Amino acid sequence: MASTASTSSTPSVPPPGRVAGLLLAAGGGRRLGGRPKALLDHRGRPLVEHAARVLRDGGCDPVHIVLGAAADAVRERADLTAYTTSENPNWAQGMGTSLRVGLAALAGSGADAVVVSLVDQPGIGAEAVARVVAAYEGRASLASAAYEGRRGHPSLFGADRWADIAASAEGDQGARGYLRQHAGVIKLIECSDVAEPYDIDTPEDLRRLE
């Protein structure tokens, strides 16, 4: 008697999405006396290297960096060979311009989502990034790290949302306005046990660098 092929009732599991990393590192450090944040020393190297490595070690691939203030000096001093970079000529107009540049650069990367982080938050490490990466559920995903229930960085944006986020990004608000409008669907990922979301904004903050 001829055998018949058996069929499995186990549903197929879709492959995980490809999550890129986007590091916004264009700021001029106005409150730091004009010292670009990307070039601040941290653990013996420019801060931009540390921040980019955190995204990579957290599971982001590729990692793209948006430079702005002192971009040539950043490229000269920092080892960014493992990443792609673009330059925002309008960096002085605020973070929103850098977010638009970065999302445009990643548009053809094949990424299904992006985790966006800021260069001046060295207290946020790879473990927090990995938790946010794991929140990916599809190209419409929207998630952010949270600290004691309060939304912070980094954030994950599914690729289907990039165009609307870029259109809304302006000034120093970045994606803040878009996130406020979609607060009801953001998946908050608690990270206060593994990260500290402080910024390096003023001379007093420099003591937090190692």
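For the structure itself, look to the data block above.
Remember, predicted model here, so these are calculated numbers, not experimental data.

Visitor: Which residues make up the pattern of salt bridges, and what values go with them?
Guide: Under the defined criterion, the tally for this structure stands at 13 salt bridges. For D201, the salt bridge goes to R31, with nearest N and O atoms at 3.3 Å. With D201 in the segment after β9 (187-190) and R31 in the loop between β1 (19-25) and β2 (41-42), this residue pair connects regions lying 170 residues apart in the sequence. Given a relative accessible area of 15%, D201 falls into the buried group. Here E127 ties to R131 by a salt bridge, and the two come within 3.8 Å at their closest N and O atoms. Of this pair, E127 and R131 both sit in helix α4 (residues 126-133), four residues apart, roughly one helical turn. Look at E127 and you get partly exposed, because its relative accessible area is 47%. Three or more residues are tied together by salt bridges with common partners; here these are R31, K37, D120 and D201.

Visitor: Break down helix α1 (residues 47-57) for me, with residues and values.
Guide: By the criterion of burial, α1 is predominantly enclosed, with eight of the 11 residues buried. Taken together, the buried positions of α1 are occupied by L47, V48, E49, H50, A51, A52, V54 and L55. Once α1 ends, the next one or two residues include G59, with phi positive near 110°.

Thresholds, definitions, all that
Residues numbered from 1 in each chain as written. Predicted model: local features only at pLDDT ≥ 70, side-chain atom pairs only at ≥ 80, totals over all residues. Heavy atoms only, no water. Salt bridge = Lys/Arg side-chain N within 4 Å of Asp/Glu carboxyl O. Helix = DSSP H or I, 4+ residues; strand = E, 2+ residues; numbered from the N terminus. Buried < 20%, exposed > 50% of the residue type's maximum accessible area, 1.4 Å probe, protein only.

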